[in-house]
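Examination of the molecular architecture
Residue strings, one per chain:
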Amino acid sequence: MNVRINKEACIACGVCADIAPEVFTMGEDAAEVVLEDVPPEHEEAVRDAAESCPTEAIVFSE
Ligand code: SF4
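Residues numbered from 1 in each chain as written. Predicted model: local features only at pLDDT ≥ 70, side-chain atom pairs only at ≥ 80, totals over all residues. Heavy atoms only, no water.

**Things to note about the environment of Ile58**
Put simply, the rule is: A run of DSSP states H or I qualifies as a helix once it reaches four residues; a run of E qualifies as a strand once it reaches two. Both are numbered from the N-terminal end. In what follows, a contact means two residues having at least one pair of non-hydrogen atoms within 4.5 Å.
Along the chain, the position of Ile58 falls in strand E4 (residues 58-61). In the structure, Ile58 is positioned eleven residues away from Arg47 in sequence and 9.0 Å away in space, judged by C-alpha atoms. Not counting residues within four places of it along the chain, the set of residues in contact with Ile58 comprises Val3, Arg4, Ile5, Cys16, Phe24, Ala49, Ala50 and Cys53.

**Describing the site of the ligand**
Convention followed: We call a residue near a molecule or strand as soon as one heavy atom of that residue lies within 4 Å of the molecule or strand. Using a 1 Å grid laid over the protein atoms alone, points where a 1.4 Å probe fits but cannot get out form a cavity; open sets with protein on both sides within 12 Å along at least 5 of 7 lines form a pocket; any residue with an atom within 4 Å of a point counts as lining. Each molecule is assigned to a cavity or pocket provided more than half of its atoms lie within 2 Å of the corresponding grid points. Ten residue types, Ala, Val, Leu, Ile, Met, Phe, Trp, Tyr, Cys and Pro, are classed as nonpolar, four, Asp, Glu, Lys and Arg, as charged, and the remainder, Gly among them, as polar.
Close to the ligand lie 14 residues; Cys10, Cys13, Gly14, Cys16 and Cys53 are nearest. With respect to the detected pockets, the ligand is housed in the largest cavity. Taken together, the residues of the shell around the ligand sort by class into twelve nonpolar, two polar and no charged.

**Some remarks on the environment of His42**
Which entries qualify depends on this criterion: The rule is simple: take the accessible area with a 1.4 Å probe, protein chains only, and divide by the maximum for that residue type; under 20% is buried, over 50% is exposed, in between is partly exposed.
Mapped onto the secondary structure, His42 falls in helix H2 (residues 40-52). Since its relative accessible area comes to 17%, His42 is described here as buried. Residues within four places of His42 in sequence aside, it is in contact with Glu22, Val23 and Leu35.

**A short note on empty space enclosed by the protein**
Where we set the bar: Grid points are joined across faces, edges and corners, and a volume is the space filled by probe spheres set on the points.
A complete count under the given rule lists one cavity of 30 Å³ or more for this structure. Surrounding the largest cavity, 14 residues form its lining, Cys10, Cys13, Cys16, Cys53 and Ala57 being those nearest its centre. For the lining of the largest cavity, the class distribution of residues is twelve nonpolar, two polar and no charged.

**Some details on the pairing of strand E1 (residues 2-5)**
As a reminder, the rule being used: Strand pairing is defined by DSSP finding a minimum of two bridges between the two strands.
Burial along E1 is one-sided: Val3 and Ile5 are buried, while Asn2 and Arg4, pointing the other way, are not. Bridge count between E1 and E4: four bridges; the pairing is antiparallel. Bridged to Arg4 within E4 is Val59.

**Considering H2**
Quick reminder of the rule: Multiplying one less than the number of residues by 1.5 Å gives the expected span of a helix.
Look at H2: 19 Å from first C-alpha to last across 13 residues, which is about the 18 Å you get at 1.5 Å a residue. Buried residues in H2 make contact with E1, helix H1 (15-19), strand E2 (24-26) and E4.

All we've got here are geometric facts, nothing functional implied.
Right, here's the structure in full:
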């Protein structure tokens, strides 16, 4: 799985970093991806974060 943040859409709410702290961290104005090539053990958390993101700013491909 590959993941990125649409920084135009991100409102820096912090939800993704709470759900998947191994993959997302909070930058100044938006979330940042610290693990672009997501290992299998974190894929479920990325899906949860994407579903929970209020602005659908988390984009991933499998
Ligand atoms: S959950 Fe979505 S809006 Fe909130 S910080 Fe993460 S990417 Fe940004």
